[in-house]
Amino acid sequence: MRILVCGANGFVGRHMVQMLSMAGHQVVSGVRVINKSPDIAIDYMRDHDVQAWLPRLRDMDAVINAVGILGESEAASFNAVHRDAPKALFAAAAIAGVRVIQISALGGADEAADPAALTPYMRSKREADAALVSGPGRWLVLRPSLLIGVDGASSRLFRSLSSLPAMGLPGNGGQMLQPVHIDDLCGAVVQWLAEDGDSAVVNAVGPAAISYKAMLETYRQLMGLPPAAYFPIPMPMMRAGAWLARLLPQKVFTPDTLRMLQDNNVADAGRFAALLKHAPIAGDTWFAVASAESLRAQAMADWNNAVFRIALAVLWLATGILSLGVYPVPSSLELLAPLGLHGNIAVAALYAAAGFDILMGAACLFYPRRGLWLLQMAVILAYTALITVYLPQFWLHPFGPILKNIPVLAILVVLYAGERARPRLATAPAA
């Protein structure tokens, strides 16, 4: 078959392309930025017209919608990405006679009883599902629970959290989940296509429900770590933390994802197992392709980097705030005198340096980049050089204020080396 996978660069899309190709299908990737032929350019924020999709579906036998976002931004909204673009795609597929596989999401256990309580994320998913189910043609809606995979963002986050020696739990950690492995999700699609299956809505879930705390314990066991200490975090504090976390460069911990965790994300696995023709992958083999050592090293590296960033942020912010007047300003100005700075010029230099330090601290939290770490290394080296020339006595100070620059530089080198390159956005030619 010739199959268009929309969202081929995402976690689900990457695995879907790989498994479909292994099954002998000809796969075309629908992506925002074309990297190779025969990729097709798509933009779910703009492609809301049926006519935009018809040329893309020409000569296709099936299309898979694997595009999704966990959080909204100015560049992407739930309604545009989860509802409007998919509805146009589904309508075009019906006209073209192309089968559709919609990767949706599993809702809470009481979703049907209280649909008004759906999060904006889940509501947009359900509106797209309804448009597909009510239309003509052959379709499959898969509603996965929490997805598991070595390279998945959520799996990586939970491995990082579970590798900590002590962990906070939302409430008592009793929220119920039914994680499903990415290989099972992709395998269900391959099986449905091979069998020319009937239209169906299938909850894609693992073999058994487990609590959030039990899931973290499973992660620790798979990484070869001993039992950890746990402490409860009251839900009001969790909700406040999720609200504040929206300001950070992450999309996993949000008010919506926290609400979905509380909704008890579980379902009967029987229909999914029947589609797969085998039981879904159980927790003890989630990461069979990776060694415990590599999983542990990656998890610890993730939170090590977070700790390093927070430590640097505290250092820069505290330095800037202390220089604004908490430390006596006359004493600070005395330190600038050997550099030839006096009077108003010295005051301006002091406050400019303090403002710069505060900006550097904020950037550590909200704008981590390779360029930022390079800039901070350059600034620290420049400060060290100036102090060496004009205030050399500080090298001999028993508290080691300059010697402490050495471990700070080491942290910056580690952060720079570990920062992944960020893809450049490019304008793709129209499909």
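Since the structure is predicted, the reported quantities are computational estimates derived from the model, not experimental observations.

### Examining the confidence of the model for the protein chain
The predicted structure's coordinates, where accompanied by low pLDDT, should not be read in detail. With 95% of its residues at a pLDDT of 70 or more, the protein chain shows a mean pLDDT of 91. Taken together, the stretch residues 423-431 has pLDDT below 50 and engages in 10 contacts with residues farther than four places along the chain or on a different chain.

### Side note on the pattern of salt bridges
Scanning the model with the defined rule gives 11 salt bridges in all. A salt bridge links Arg156 to Asp302, with the shortest nitrogen-to-oxygen separation between them at 2.7 Å. Here Arg156, found in helix α5 (residues 153-162), pairs with Asp302, found in helix α11 (residues 292-326); they are 146 residues apart in sequence, far enough to count as distant. A residue is classified by how much of its surface remains accessible, and Arg156, at 27% relative accessible area, is partly exposed.

### Examining the environment of Pro136
Note that Pro136 resides in the loop between α4 (120-133) and β6 (139-144). As for Pro136 and Phe90, which are separated by 46 residues in sequence, their C-alpha atoms are 9.3 Å apart.

### Some words on the side chain of Lys125
With respect to the helices, strands and loops of the structure, Lys125 is situated in helix α4. The buried charged residue Lys125 lacks any salt bridge, with Asp129 as its nearest oppositely charged partner at 6.9 Å. Beyond its immediate sequence surroundings of up to four residues, Lys125 is in contact with Val67, His82, Gln102, Ile103 and Ser104.

### Digging into the nonpolar core
Nonpolar side chains in soluble globular proteins generally cluster together in the buried interior. Core analysis: the biggest nonpolar cluster contains 33 residues, and Leu20 and Ile64 have the highest contact counts within it. Ranked by the residues each element gives to this core, the list is headed by helix α6 (residues 182-195), at 8 residues. Discounting residues that sit within four places of it in the chain, Leu20 has contacts with Ile3, Val5, His25, Val27, Ile64, Val189, Val190 and Leu193. Listed in part, the 32 residues of the second largest apolar core include Cys6, Val28, Met60 and Ile69.

### Considerations on the side chain of Asn405
Tracing the backbone through its elements, the reader meets Asn405 in helix α15 (residues 405-418). On the basis of relative accessibility, which here comes to 17%, the residue Asn405 falls in the buried class.

### Re the sheet that holds strand β1 (residues 2-6)
Taken in spatial order, the 7 strands line up as β3-β2-β1-β4-β5-β6-β11 in an open sheet, and their pairing is parallel. The sheet is open, and its two borders are formed by β3 (40-41) and β11 (200-204), each paired with just one other strand. Note: strand β2 (residues 26-31) against β3, 2 bridges, orientation parallel. In the strand pairing of β3, Val31 is matched with Ala41. Each of β1, β2, β4 (62-65) and β5 (99-103) is contacted by helix α1 (residues 11-22), which is oriented at about 165 degrees to β1, the strand it contacts most. Running over the sheet, helix α3 (residues 78-96) touches β1, β4 and β5 and is turned about 170 degrees from β4.

What counts, and at which threshold
Residues numbered from 1 in each chain as written. Predicted model: local features only at pLDDT ≥ 70, side-chain atom pairs only at ≥ 80, totals over all residues. Heavy atoms only, no water. pLDDT = per-residue confidence, 0-100. Contact = heavy atoms within 4.5 Å. Salt bridge = Lys/Arg side-chain N within 4 Å of Asp/Glu carboxyl O. Helix = DSSP H or I, 4+ residues; strand = E, 2+ residues; numbered from the N terminus. Buried < 20%, exposed > 50% of the residue type's maximum accessible area, 1.4 Å probe, protein only. Lys, Arg positive; Asp, Glu negative; His and termini not counted. Core = buried A, V, L, I, M, F, W, Y, C linked by side-chain atoms within 4.5 Å. Pairing = 2+ DSSP bridges. Axes fitted to C-alpha atoms, helices over the stretch in contact; angles between N-to-C directions.

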